[in-house]
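# Analysis of the macromolecular model
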Amino acid sequence: MTETLVIRATGPADLAAVDALLARSYPKLLKGEYPPSVMVTAVPMISRARPGLVCSGTYFLAETVDGSVLGAGGWTRTRGFARRAEIRHVATDPDHVRRGVASALFRHIFATAEEAGVREYECLATRTAVPFYQAMGFVEVGPTTVPLAPGIAFPAVRMVRAA
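This section reports on the structure supplied with the text. (Residues numbered from 1 in each chain as written. Predicted model: local features only at pLDDT ≥ 70, side-chain atom pairs only at ≥ 80, totals over all residues. Heavy atoms only, no water.)

### So, the overall build of the chain
Within the chain, the secondary structure is distributed over six helices and seven strands. Listing every helix and strand of the chain by position from the N terminus yields β-α-α-α-α-β-β-β-α-β-α-β-β. For 163 residues, the compact-globule estimate of 2.2 N^0.38 gives 15 Å, and the C-alpha radius of gyration of the chain, at 15 Å, lies within 12% of that figure. Once the C-alpha set of the chain is aligned to its principal axes, its extents read approximately 40 × 35 × 30 Å. Counting only contacts in the chain whose residues sit at least 6 apart along the sequence, the fraction spanning at least 24 positions is 64%. Treating the 18 positive side-chain charges of the chain as one cloud and the 14 negative ones as another, the clouds have centres 4 Å apart. (Helix = DSSP H or I, 4+ residues; strand = E, 2+ residues; numbered from the N terminus. Rg over C-alpha atoms; globule rule 2.2 N^0.38 Å. Contact = heavy atoms within 4.5 Å. Lys, Arg positive; Asp, Glu negative; His and termini not counted. Charge placed at Lys NZ, Arg CZ, Asp CG, Glu CD.)

Right, here's the structure in full:
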């Protein structure tokens, strides 16, 4: 990574920036792994910021010192499991992949989650992201489908990692 990154928790004022990042990242980076039907129906639905997540205190932006947003992602505690967290809505600017942005973001995610007592992680990865998650210590459990709306689902890969 040639630029210095600042990683910080997001808040309500960051909704537009997260929306813009997801809108430029997912359609471009997922195109090679998903059929046109998924790209037209499901990807627009997952390419939107979730206000509750952005305001959770455990969702983060990776940005340059001048405020350019290069990545986002976070974690939430898995409902019913005090020591397990779900990795949530991770994205990297498509012009900055393989430059250490997501790795820096994950170091921060793991540090904050483990400080809060998390010892296990799970995620629903895009097919495109599976090799990255494996490099971060995640193990593939298997394919799954995320229902988004009646008749619209997103194919994903369930993965897990111990802290």
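After that view of the structure, there is still more to cover.
### Overview of the side chain of Asp93
With respect to the helices, strands and loops of the structure, Asp93 is situated in the loop between strand E4 (84-92) and helix H5 (101-115). Those residues in contact with Asp93 that sit more than four places away from it in its chain are Leu21, Arg24, Val69 and Leu70.

### A word on the sheet that holds strand E5 (residues 120-125)
Across the sheet, seven strands lie side by side as E1-E2-E3-E4-E5-E7-E6; this open sheet has mixed pairing. Each of the sheet's edge strands pairs with one partner strand only, and the pair in question is strand E1 (5-9) and strand E6 (139-149). Averaged over all pairs of adjacent strands, the angle between their axes in this sheet comes to 25 degrees, without regard to strand direction. In this sheet, strand E2 (residues 59-64) lies alongside E1 in antiparallel orientation, the contact comprising five bridges. Opposite Ala9, over in E2, you have Phe60 as the bridge partner. Across the sheet, H5 lies against E1, E2, strand E3 (69-77), E4, E5 and strand E7 (152-162), angled at about 25 degrees from E3, the strand it touches most. (Pairing = 2+ DSSP bridges. Axes fitted to C-alpha atoms, helices over the stretch in contact; angles between N-to-C directions.)

### Description of H5
If you check H5, its first and last C-alpha atoms are 21 Å apart, about what 15 residues at 1.5 Å a residue would give, namely 21 Å. Buried residues of H5: Val101, Ala102, Ala104, Leu105, Phe106, Ile109, Phe110 and Ala113, and no others. Following H5 by one or two positions, Gly117 adopts a phi angle in the positive range, close to 100 degrees. (Expected span 1.5 Å × (residues − 1). Buried < 20%, exposed > 50% of the residue type's maximum accessible area, 1.4 Å probe, protein only.)

### Notes on the pairing of E5
In terms of strand pairing, E4 meets E5 through three bridges, oriented parallel. For Ala85, the partnering residue across the bridge sits in E5 and is Tyr121. Remark: the E4/H5/E5 crossover connection has right-handed handedness. Relative to E7, E5 runs antiparallel, the two being bridged by six bridges. When the bridges of E7 are listed, Glu120 appears paired with Ala162. (Right-handed = clockwise from strand over helix to strand, strands pointing away.)

### Focus on the nonpolar core
Within soluble globular proteins, side chains that are nonpolar tend to cluster in buried spots. Formed by 26 residues in total, the largest nonpolar core has its most connected members in Trp75, Ile87, Phe106, Tyr121, Tyr133, Phe138 and Met159. In terms of residues, this core owes the most to one element, H5, which gives seven residues. The next biggest cluster of nonpolar side chains, apart from the first, holds 21 residues, and it includes Ile46, Ala49, Leu61 and Ala72. (Core = buried A, V, L, I, M, F, W, Y, C linked by side-chain atoms within 4.5 Å.)

### So, the layout of surface pockets
Here the largest pocket defines a volume of roughly 1100 Å³. Forming the boundary of the largest pocket are 37 residues, of which Tyr26, Val90, Thr126, Ala129 and Tyr133 lie nearest the centre. Among the elements of the structure, helix H1 (15-30), E4, H5, E5, helix H6 (130-135), E6 and E7 are those that each provide at least two residues to the lining of the largest pocket. With seven residues, E4 is the largest single contributor of residues to the lining of the largest pocket. Residues belonging to the lining of the largest pocket are distributed by class as follows: 22 nonpolar, eight polar and seven charged. (1 Å grid on protein atoms, 1.4 Å probe; cavity = no way out; pocket = protein on both sides within 12 Å on 5 of 7 lines; lining within 4 Å. Points joined across faces, edges and corners; volume = space filled by probe spheres on them. Nonpolar A, V, L, I, M, F, W, Y, C, P; charged D, E, K, R; others polar.)

Keep in mind these values describe shape, not function.
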